[in-house]
Amino acid sequence: MTHAQPEPTAGEPTAAAEFVVTNPHGLHARPAARLVEEARRYDATVLLREVDSGTGPVPASSLSRVATLAAGQGARLEVSASGPQAQQAVDAVVALAGESFGEAGVPAAPPPTVQPTGGPLPASPGIAIGPVVKLEEAPPELPEGAAGDPATEREQLESAVSAARDELHRVRARAAREVGEQEARIFDAQLALLDDPDVRADVDAALGAGASAARAWDSALRLVAETWERLPDPYLQARAADVRAVGRLVLRHLLGTAAATVTGSGILVAEDLTPAEVAGLDAAAVRGIVLAGGSPTGHAAILARARGLPAVVAAGAAVRSLVAGTTLALDGTTGEVEVHPSPDVVRRLEERAAAERTRAETALAAARAPAVTSDGTEVLVGANLGSVADATAAGAAGADVAGLVRTEFLYLGRDEAPSVEEQVETYRALARELGGRRLTLRTLDVGGDKPLPYAPQPAEDNPFLGVRGLRLALAERRLLHDQLEAVAVVARETPISLMFPMVSTVDELAEARELVEKAFDGAEPEAFEVGIMVEVPAAALKTASFAPHVDFLSIGTNDLTQYALAAERGNPAVAGIGDALDPGVLRLVHEVCHGAGDALVAVCGELAADPAAVPLLVALGVRELSAAPGAVPVVKEAVRRSRATDPDLVRRCLTATGPAEVRAILSGH
Ligand code: PEP
Ligand code: MG
């Protein structure tokens, strides 16, 4: 790789230290971006060198160069610096390394070669048949002929880079709000590349030599992407896609061309999709999604369900090589994917799709009516909300309540916590959109896996087992205090249920209840209710101890499943094990219903959205189901086909040997 910028020749280093890279995939794009961001903060020239291989030194301010160290997990790096703030810079980088560059224990995405077990897996219900389409941009047409004078070309490039930066910030904020800060961080690496001094030096040299802005930018980014593709680590090789994406983004602004779109309409096939990509898909063009990787509880799948897009995930590496135009059929309810489906398969799936459509239409027509079982018990069907737009959709879909408001959407992707006033306004807006129906506000549910810049936590080896959910809220009293203040205001105006996430002990609940009492000055309105989420297996087994202190218990089957089966919810390699219909998980649900006494039992995890599971949940004793807004009508229909008393169904499912047997029992039900 020839770079126009000479190796840094700043004075002799006056500070140096060594550290070991602990990140599971080494210094891949996100941790490297964090390192670069930190190194750029100081008035110092900071260099990095791989101690064992002697690779480097490279400037720590350049993401494109840091990546070329190909520093995998366990690599020993030397950081050295010269300049007025040399020591501070070295100390800061070493401290950051000690926190695994903000990724401590965070489940890193698996390398692209991981073959998931148990796939393909159903991720979002619905049937789609059509040609394979890919999310691609037309290759930019670089201008032929003579460039303008270097100053004009440089100016044009600067304004394109600035527009690209604004666009990335917008996408990042949206991804952080809609899905999570952790996912949004992928955009940090792309932002760092925009200002990469090495890339800029290459671009400058090319402009000086008479190249156009587009050609100078294109060749500099191409060089970085090709270098990354040659790195030995497959994970870093795959990150070359980020470099190419940034390259295209700036060219798009420079040349005034359109954003990446799906050309034609059909089934989108991809390795994985970022939350922002799923959120931005044109539903008129994309009829369904097949991902080589991903997991049914991953955020791409959650968003696909939220958007009503049929999806199958963990379909394996083979789907990646399907060329555009290949006919594909998918059933997001069963996980079936057929390449070149025969006319018989197409007919069968089309019939199933037509039946599903009729069912959905009938369901929507009846969505505003209560859901009453065939033996006369009403089951509330609510919606899970992560934005005000969700509340609008929930109102239209006939939700009886908001069974889960993921209030984190107010906290993530920003530098300061939301004020009490902002929270009050947002909760009021949710209530308005839902026509005053009950809102179940979950207190802030974040932790090491979704860190907040204004509530920094020490690094944890296992953040899913660490300070998250109610544990973090009790540790960060200021945040909980403000949130409870806002809840106390809104609860005097509209029916509010408050629930605490990831509760493990009765003591934690007692502590939280005391704070609630203080926030209300001991005068809680009649309609105000307090409950807990049951996400920890031990809490499920202790339901009878919690029950006297709560009005309701809401089972978070997503987390309960990952903890009960020791199968991390975002890890596609164990997605086949982390199945909420595993009889082990169902027995925990049974325990909760059994021990709840007068407290209402709800389910607000993804299992509540599975119409096949509804008769079982209702027969177990669940009396509120909360799902993505779009699923509300179908869940109501499923309730109407259920019986509140069905001991035979319960017995057969609880004694089944595995989730496949449970599914077979339910489909024959
Ligand atoms: C759950 O864990 O099931 C749940 C509903 O909470 P979240 O998905 O937000 O963790
Ligand atoms: Mg949860």
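We now turn to the structure provided with this report.

Let's shift gears to the pattern of salt bridges. Applying the stated criterion to the full structure yields 37 salt bridges. Measuring nitrogen to oxygen at the nearest pair gives 3.2 Å for the salt bridge that ties Glu-18 to Arg-76. In this pair, Glu-18 is assigned in strand β1 (residues 15-20) and Arg-76 in strand β4 (residues 76-82), connecting sequence segments 58 residues apart. Judged by its relative accessible area of 32%, Arg-76 is partly exposed. Its salt-bridge partner being Arg-477, residue Glu-511 comes within 2.4 Å of it at the nearest N-O pair. Separated by 34 residues along the polypeptide, Glu-511 in helix α18 (residues 506-519) and Arg-477 in helix α17 (residues 477-491) bring together distant segments of the chain.

Let's shift gears to the coordination of the magnesium ion (ligand 2). Around the magnesium ion (ligand 2), the protein supplies Glu-535 (OE) and Asp-559 (OD) as donor atoms, at distances of 2.0 to 2.1 Å. Note that Glu-535 is positioned in the loop between β19 (529-534) and α19 (537-541) and Asp-559 in helix α21 (residues 557-565), a separation of 24 residues in sequence. Accessibility classification places Glu-535 together with Asp-559 in one group, the buried group.

Moving on: the packing of helix α7 (residues 197-208) against helix α8 (residues 213-229). As a packed pair, α7 and α8 sit with axes 9 Å apart at the nearest point and diverge in direction by 140 degrees. Between α7 and α8, the crossing angle belongs to the class labelled oblique. Taken as a pair, α7 and α8 cross one another with a handedness that is right-handed. The segment α7 lies against α8, with Val-199, Arg-200, Asp-202, Val-203, Ala-206 and Leu-207 engaging Ala-213, Ala-216, Trp-217, Ala-220, Leu-221, Leu-223 and Val-224.

This part is about helix α24 (residues 632-640). Helical geometry: 3.6 residues make up each α-helical turn, so side chains three or four residues apart lie on a common side. Burial analysis of α24 places seven of its nine residues in the buried class, which makes it a mostly covered element. Buried residues of α24: Val-632, Pro-633, Val-635, Lys-636, Glu-637, Ala-638 and Val-639, and no others. On its buried face, α24 sits against α13 (343-365), β14 (371-372), β15 (378-385), α23 (614-620) and β22 (624-627).

Turning our eyes to something else, we now look at unusual backbone geometry. Cis peptide bonds are those with omega within 30 degrees of zero, and the linkage from Gly-56 to Pro-57 qualifies with 5 degrees. One non-glycine residue, Ala-70, adopts positive backbone phi at about 50 degrees. By secondary structure assignment, the location of Ala-70 is in the loop between α2 (63-67) and β4. Here Ala-70 falls in the partly exposed class, since its relative accessible area comes to 22%. The backbone of Ser-100 sits at a positive phi, close to 50 degrees, despite the residue not being glycine.

Analysis parameters
- Residues numbered from 1 in each chain as written.
- Chains lettered and ligands numbered in written order.
- Predicted model: local features only at pLDDT ≥ 70, side-chain atom pairs only at ≥ 80, totals over all residues.
- Heavy atoms only, no water.
- Salt bridge = Lys/Arg side-chain N within 4 Å of Asp/Glu carboxyl O.
- Helix = DSSP H or I, 4+ residues; strand = E, 2+ residues; numbered from the N terminus.
- Buried < 20%, exposed > 50% of the residue type's maximum accessible area, 1.4 Å probe, protein only.
- Donors = N, O, S within 2.8 Å, 3.2 Å for Na, K, Ca; no water.
- Axes fitted to C-alpha atoms, helices over the stretch in contact; angles between N-to-C directions.
- Parallel < 35°, antiparallel > 145°, perpendicular 65-115°, else oblique.
- Left-handed = near helix turned anticlockwise from the far one by under 90°.
- Contact = heavy atoms within 4.5 Å.

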